[in-house]
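Topology and contacts: notes
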Amino acid sequence: MLMDINEVKEYLPQRYPFLLVDRVLELTLGESIVALKNVTGNENHFNGHFPELPIMPGVLIIEAMAQAAGILGFKTLDKKPAEGSIYMFAGVDKARFKRQVVPGDQLILKAQYVSDKSGLWKFECQAYVEDKLAASATILCIDRKSK
């Protein structure tokens, strides 16, 4: 199953400059997702992080993984933000950063469903650049009404 940016925007409420998923490459409902974020030098955070050595902030890598996990959750539940549902970040555990992410990189975002209890979803997530692990974390999201 593939999703282009237009369909991604149906399942994520974030918009530029905070929409961090460009496309979905693979999706198995209730199991896993593989998504793509093209990292470009004109993104605002590179103006200050760092002007002489642009590095994507780790918190944005975690947010990108959480957005991919959110798409997996929304698609699995057959819900969309426009219908009054929103996935909110509830927590992050075991975050690790293994390599820098810089302009020109393609960030491959992977999330695997672990569990859900009372609307709290748990995902194991990884971000890769050129098949090398850049970051990983356990991400918790909660399904809430947005309206």
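Residues numbered from 1 in each chain as written. Predicted model: local features only at pLDDT ≥ 70, side-chain atom pairs only at ≥ 80, totals over all residues. Heavy atoms only, no water.

What about the pairing of strand β1 (residues 23-28)?
Two faces belong to every sheet, and in a regular strand the side chains alternate between them. Inspection of the sheet shows β1 paired to strand β2 (residues 32-38) by five bridges, in the antiparallel sense. Paired with Val24 across the bridge in β2 is Ala35. With antiparallel pairing between neighbouring strands as the criterion, β1 and β2 make up a hairpin whose turn holds three residues, including Gly30 at a positive phi of roughly 75°. (Pairing = 2+ DSSP bridges. Helix = DSSP H or I, 4+ residues; strand = E, 2+ residues; numbered from the N terminus.)

Topic: the pattern of salt bridges
Applying the stated criterion across every chain yields a total of five salt bridges. The closest approach of N and O atoms between Asp143 and Lys79, which form a salt bridge, is 2.6 Å. A residue pair is termed long-range when its members are at least 10 positions apart, and Asp143 in strand β6 (residues 132-145) and Lys79 in the loop between α2 (58-77) and β3 (85-97) qualify at 64 residues. Here Arg99 makes a salt bridge to Asp105, at a shortest N to O gap of 3.6 Å. Residue Arg99 is classed as partly exposed on the basis of its relative accessible area of 29%. (Salt bridge = Lys/Arg side-chain N within 4 Å of Asp/Glu carboxyl O. Buried < 20%, exposed > 50% of the residue type's maximum accessible area, 1.4 Å probe, protein only.)

What about the environment of Leu120?
You can see Leu120 is positioned in strand β5 (residues 120-129). Each C-alpha atom of the pair Leu120 and Leu12 lies 18 Å from the other, and the pair is 108 residues apart in sequence. Setting aside residues no more than four positions away along its own chain, Leu120 makes contact with Ala90, Ser115, Leu140, Cys141 and Ile142. (Contact = heavy atoms within 4.5 Å.)

Let's talk about the UniProt feature "active site" (unreviewed entry) in the chain
UniProt annotation of "active site" (unreviewed entry) refers to His49 when read in the numbering used here. Its place among the elements puts His49 in the loop between β2 and α2. What makes His49 partly exposed here is its relative accessible area of 24%. The contacts of His49, once residues within four sequence positions are left out, are Pro54, Ile55, Met56 and Pro57. (UniProt positions renumbered as here; feature names shortened; annotations may be inferred.)

Quick notes on the nonpolar core
As a rule of thumb, soluble globular proteins bury nonpolar side chains together. Membership of the largest hydrophobic core comes to 40 residues, with the highest contact counts inside it found for Met65, Ile71, Leu107 and Leu109. Of all elements in the fold, only α1 (5-11), β1, β2, α2, β4 (106-117), β5 and β6 reach the threshold of two or more residues within this core. The dominant element in this core, judged by the number of residues it contributes, is α2, at eleven residues. Discounting chain neighbours no more than four positions away, the residues touching Leu107 are Ala35, Leu36, Lys37, Val39, Met56, Ile61, Val101, Ala127, Tyr128 and Val129. (Core = buried A, V, L, I, M, F, W, Y, C linked by side-chain atoms within 4.5 Å.)

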